[in-house]
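# A closer look at the structure
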Amino acid sequence: MAKMIKLVSGDGAEFEVEEEVAFQSKIIKDIVADADDVIPLPTVSSKVLIQVIEYCRKHAAVNSFPLSPSSSAAAAASSSSSISYSKPVSDPALRAWDNEFVKLNNSSLFDIVIAANYLDIEELVDLVLETVADRIKGKQAQEIRRQFNIENDFTPEEEEALRRENSWAFQNN
Amino acid sequence: MAMPQPRRQARSSPPWEVLRLISEFVGDPKSLAVACCVSKSWHAVFTSDHLWTPLCRSLFPSSTHNATAAAVSSRHLFQLLHTAASRRRRTRSQLLLHLPRLIFFLDVFQRGAPVLSLARAGSELVSHRGVFRFEVPMNGEEPAALDSGDDVRVAWTVVTAEWREAFGLMEFEGQARAVGNREMWFSEKLPYPSAFCCSEAEAGFEAQIFIELADEVHGGGRTVEKVSFGLMNTKTWRYVKEEDGLLYLQYFLMDTK
């Protein structure tokens, strides 16, 4: 019988999860080592906790099998000049599941990454950050503003100066 | 790592802490540079040295061997080195200054008093056959009278429409030259910096103003009917092309060097 851990969301809802699922969070793993099996998470709402648990459940099954040597070499090689910290998820089926999981609006993604960061679930943090970064890469400034509902608070002169300074980035060559 | 409850600015703009994390995943320099232009808070996040230093180091490792390079931000350093190669390929400056962005002012004084004052926005001017020469009919709006005999003082200035920069095209004092019995002509040599590049192989520029006067005399002077001003190439004695005139003004009015 799998050991159960109880997670309590900010709005008081309780969620019982298997230990290996909860242990996707390094923080929870450390807490459970010394204390109870009831973990209050006052900064995480139920809505977000449900989504995080869903992710952890899916990945707990996969993480019980360690990465093969060839895939960890590939992970090391891919981070040469970029500063991305993500280890590529080697299982294509899991990757596909992840891609579906993050088909959420920006607000939800931010809530999830904040919770995942708090709970120290590295792969989930990386997954969300990568997803949001993809919504920025290759886009023009105005598109980014629309996507994230950001106000352009530059004066026309400041914008002109920025445009000139960064004109090399706006050309498509 | 525990994080404080984030302050949300608007519906879906990323909280600052999240934006910092996201910035590390963007990676490519062009996207980073565009992100700097989104808003002030994004500018603060995306100009951070920790994003640009690895890019500089991997694409221009030599820059780490100069101690003074550390005085500029990594972002600036990257932009400088990245665009360095494109300067060689550039044979001609790109025209960024267009006529509607200029305002021309002309003041003519005679015997210490202003006799002709006009201001025209570039958007009101039509170039004469594609060259940098513009005719301004007076239409009786500002009754100005000039005595072709006496000394005049002429000041012709161009200002950018945002009131940022100004360039004096002419500062003339003395006798006007007469052309026939209807026109007065003023000219002044303009500086021609060797760094300036335009399509005319060799050139010297001159500012020219023509004032066309009416035949009738009104109490001490003749009414101005038309004013033309332009830039002339002193090697070919032709007016410069409108685009070349604008490039010339751009050189002095804008920081595109």
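Residues numbered from 1 in each chain as written. Chains lettered and ligands numbered in written order. Predicted model: local features only at pLDDT ≥ 70, side-chain atom pairs only at ≥ 80, totals over all residues. Heavy atoms only, no water.

Counting residues at the interface gives 43 residues for chain B and 47 residues for chain A. Summing the contributions of chain B and of chain A, the shared interface buries around 4,200 Å²; its carbon and sulfur component is 65%. At the boundary of chain B and chain A, one finds two salt bridges. A salt bridge links A:Glu165 to B:Arg75; the nearest nitrogen and oxygen atoms lie 3.0 Å apart. At the boundary of chain B and chain A, one finds seven residue pairs in polar contact (both at pLDDT 80 or more). Looking at the side of chain B that touches chain A, the elements with two or more residues in it are helix 1 (16-26), helix 2 (29-36), helix 3 (40-46), helix 4 (49-59) and helix 5 (74-89) of chain B. Considering only residue class, the side of chain B that touches chain A consists of 23 nonpolar, eleven polar and nine charged. (Contact = heavy atoms within 4.5 Å. Buried area = accessible area lost by both parts, 1.4 Å probe. Salt bridge = Lys/Arg side-chain N within 4 Å of Asp/Glu carboxyl O. Polar contact = N/O pair within 3.5 Å; in protein donor to acceptor, adjacent residues only side chain to side chain. Helix = DSSP H or I, 4+ residues; strand = E, 2+ residues; numbered from the N terminus. Nonpolar A, V, L, I, M, F, W, Y, C, P; charged D, E, K, R; others polar.)

We now examine helix 8 (residues 141-148) of chain A. Given 3.6 residues per helical turn, the α-helix brings residues three or four places apart onto the same face. By the burial criterion, the buried members of helix 8 of chain A are A:Ala141, A:Ile144, A:Arg145 and A:Phe148. The arc enclosing the buried residues of helix 8 of chain A, seen along the axis, measures out at 100 degrees, which places them on a common side. Those residues of helix 8 of chain A that are buried lie in contact with helix 6 (106-119), helix 7 (122-134) and helix 9 (156-165) of chain A together with helix 2 and helix 3 of chain B. The first or second residue beyond helix 8 of chain A is A:Asn149, which carries a positive phi of 55 degrees. (Buried < 20%, exposed > 50% of the residue type's maximum accessible area, 1.4 Å probe, protein only. Arc of directions from axis to C-beta.)

Looking now at the packing of helix 6 of chain A against helix 1 of chain B. Close contact between helix 6 of chain A and helix 1 of chain B brings their axes to 11 Å; oriented N to C, the two are set at 85 degrees. In terms of orientation, helix 6 of chain A lies roughly perpendicular with respect to helix 1 of chain B. Where helix 6 of chain A approaches helix 1 of chain B, its residues A:Phe110, A:Val113, A:Ile114 and A:Asn117 are matched on the opposing element by B:Val18, B:Leu21 and B:Ile22. Here the residues of the contact of helix 6 of chain A with helix 1 of chain B sort into six nonpolar, one polar and no charged. (Axes fitted to C-alpha atoms, helices over the stretch in contact; angles between N-to-C directions. Parallel < 35°, antiparallel > 145°, perpendicular 65-115°, else oblique.)

Honestly, that's just the spatial picture; any functional story needs more than this.
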